[in-house]
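Secondary and tertiary structure notes
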Amino acid sequence: MALVKAGVVVLDCAEPEKLAEFYKGLLDAEEIVASANRVEIRGADGTRLAFRRDVNATPPSWPRPENSFQAHLDFLVDDLDEVERRVVGLGGRPLETKGAPGPHEERGYSDPSGHSFTIRLEPPTAPKQG
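Heads up: these notes are all about the structure in this document.

Rules behind the numbers
Residues numbered from 1 in each chain as written. Predicted model: local features only at pLDDT ≥ 70, side-chain atom pairs only at ≥ 80, totals over all residues. Heavy atoms only, no water. Helix = DSSP H or I, 4+ residues; strand = E, 2+ residues; numbered from the N terminus. Buried < 20%, exposed > 50% of the residue type's maximum accessible area, 1.4 Å probe, protein only. Contact = heavy atoms within 4.5 Å. Areas by Shrake-Rupley, 256 points an atom, 1.4 Å probe, with all protein chains shown as cover. Core = buried A, V, L, I, M, F, W, Y, C linked by side-chain atoms within 4.5 Å.

**As for the overall build of the protein**
- A count of helices and strands for the protein gives 2 helices and 8 strands.
- Walking the protein from its N terminus toward its C terminus, one meets helices and strands in the order β-α-β-β-β-β-α-β-β-β.
- Within the protein, buried positions represent 29% of all 130 residues.
- Of all intrachain contacts in the protein linking residues separated by at least 6 positions in sequence, the fraction that spans at least 24 positions is 53%.
- As presented, the protein carries roughly 8,500 Å² of accessible surface, and 51% of it is formed by carbon and sulfur atoms.

**As for the nonpolar core**
- Counting 22 residues, the largest nonpolar core has Y23, L26, I41, F51, F75, F117 and I119 as the members making the most contacts within it.
- At the level of secondary structure, the elements contributing two or more residues to this core comprise β1 (9-13), α1 (16-27), β3 (38-42), β4 (48-53), β5 (72-77), α2 (80-89) and β8 (116-121).
- For this core, the element with the most residues is α1, which contributes 6 residues.
- What I119 contacts, discounting residues up to four positions off in sequence, is F75, V77, L80, V83, E84, E105, E106, R107 and Y109.

What follows is the structure, given as structure tokens:
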């Protein structure tokens, strides 16, 4: 029997309520826990994210080297353009992604608090030919 029921990625930020709204919109998620310093959501696919209040949180600076990665999220999608419109509409912003592998198979963004994440096409399931 597994001792751990679920894993939750927790992002530190100054305003967890606002950041939760961004990811609820992106993941079609519902809020499952809320307190003065933490909001947790669960997406339709079971993805769980939490946002913890840290008044001293410093947004990551990726792709600049100083204070770059604190956490990085990847989301598998079917349509990059459609998801990009949603991300930008919710307040996210595109990041420079020079040198990303593949011909436009992934795109980098930051959420309203500055955490970076990538949307990428789900890899094909057919076996490689040749």
